Amino acid sequence: GAVNSNNKFETTYGYFEVRMKIADADKGTHTAFWFQGDAMSQVDGTGNDGAEIDIFESAWLGDYTKSVIHIDGYGANHQADTRQYNTAGIHNNFHIWGCSWTPDSIKIYYDNDLKVVYANTMWIPQNNEYIYLSDGASFGLSGNYFANQPLGYLTSAYVDYIRVWKTGSISSATEEFTKPKVISIIDVLGRESEKSKNQPLFYIYDDGMVEKKIIIE
């Protein structure tokens, strides 16, 4: 299954973040957070006119995943740049993936740690892209894991939120998209609190946003 923002929300540049729990990869599925451009199939030797940007695909059983940028369609001219990166605990609990996209780079984050940098502008789209969240049959496991599963309910991925931050303009190649910072954490009684698990807390950010979170363990 999948949801996407095609023809609903398409944009160029920004900081994109999703908090989600992946589906069970050992059942032959993989969960993905990715982008697609309408002109990705045009061939010009770059991704400037559009690309498939895979922030992650959970197609493996270890504590790692891969990002991939695909350009120039999916035929004979197809090119891809694949980067493997470590993702501790990816198969358990919720995790946060982020993507900072500027005219000059794409940076990928896992639980707020920088993991991958694409700095060659050959791979960087300069046109609108739309957002995809998906879960489907996997290509990462040897054997016929998916087909051998029983019919009916198999597994589910869970999405807490997806957010996009934008700036008013892109003034320089070094401009960064800055996420809001937590300035205070309070409990349900309004008392200052430390970050903790298994209780509802309110996170107050420097941009005025208030977020209610429960970190379950």
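Along each chain, numbering runs from 1 in the same order as the chain's sequence is written. Where totals are concerned, whole chains, interfaces and linings use all residues; where local detail is concerned, this predicted model gives features only for residues with pLDDT of at least 70, and gives and counts side-chain atom pairs only at 80 or more. Note that the side-chain values use all heavy atoms of the structure and ignore hydrogens as well as water.

Caption draft 1: A look at the nonpolar core. In these notes, a set of buried Ala, Val, Leu, Ile, Met, Phe, Trp, Tyr and Cys residues joined through side-chain atoms within 4.5 Å is what counts as a nonpolar core. Categorising residues by exposure relies on relative accessible area from a 1.4 Å probe, with only protein chains included: less than 20% of the type maximum marks a residue as buried, more than 50% marks it as exposed, and the intermediate range marks it as partly exposed. Counting residues in hydrophobic clusters, the biggest one holds 27 residues, and the most contacted among them are Phe33, Phe35, Ile55, Ile69, Trp97 and Ile106. Comment: elements are numbered from the N terminus, with helices defined as DSSP H or I runs of at least four residues and strands as E runs of at least two. Only strand 3 (14–21), strand 4 (29–36), strand 5 (52–57), strand 6 (64–71), strand 8 (95–101), strand 9 (106–110), strand 10 (113–118) and strand 11 (129–137) provide two or more residues apiece to this core. Not counting residues within four places of it along the chain, the set of residues in contact with Phe33 comprises Phe16, Val18, Ile53, Asp54, Ile55, Phe56, Trp97, Ile131, Tyr132, Leu133 and Ile162. Any two residues whose heavy atoms approach within 4.5 Å at even a single point are treated as in contact.

Caption draft 2: Here's a closer look at the sheet that holds strand 3. Strand order in the open sheet formed by 5 strands is 10-9-8-3-12, with antiparallel pairing between adjacent strands. One side of each edge strand has no neighbouring strand; the edge strands of this open sheet are strand 10 and strand 12 (158–165). Going from strand to strand, the sheet's axes swing by 15° on average, the running direction of each strand aside. DSSP-based pairing: two strands are paired if at least 2 bridges between them are found. In this sheet, strand 9 lies alongside strand 8 in antiparallel orientation, the contact comprising 5 bridges. Pairing of Trp97 across the sheet is with Tyr110, part of strand 9. For helices, the fitted line uses only the C-alpha atoms of the stretch in contact; every axis is such a line through C-alpha atoms, and the angle between N-to-C directions lies from 0 to 180 degrees.

Caption draft 3: Geometry of the sheet that holds strand 15 (residues 210–213). Pairing in this open sheet of 3 strands is antiparallel, and the strands run 13-14-15 from one edge to the other. Where the open sheet ends on each side, the last strands, each with one partner, are strand 13 (182–186) and strand 15. Ignoring strand direction, the axes of neighbouring strands in this sheet form an average angle of 25°. Sheet topology places strand 14 (residues 201–205) next to strand 15; 4 bridges connect them, and they run antiparallel. Pairing of Ile204 across the sheet is with Val210, part of strand 15.

These figures capture arrangement, not role.
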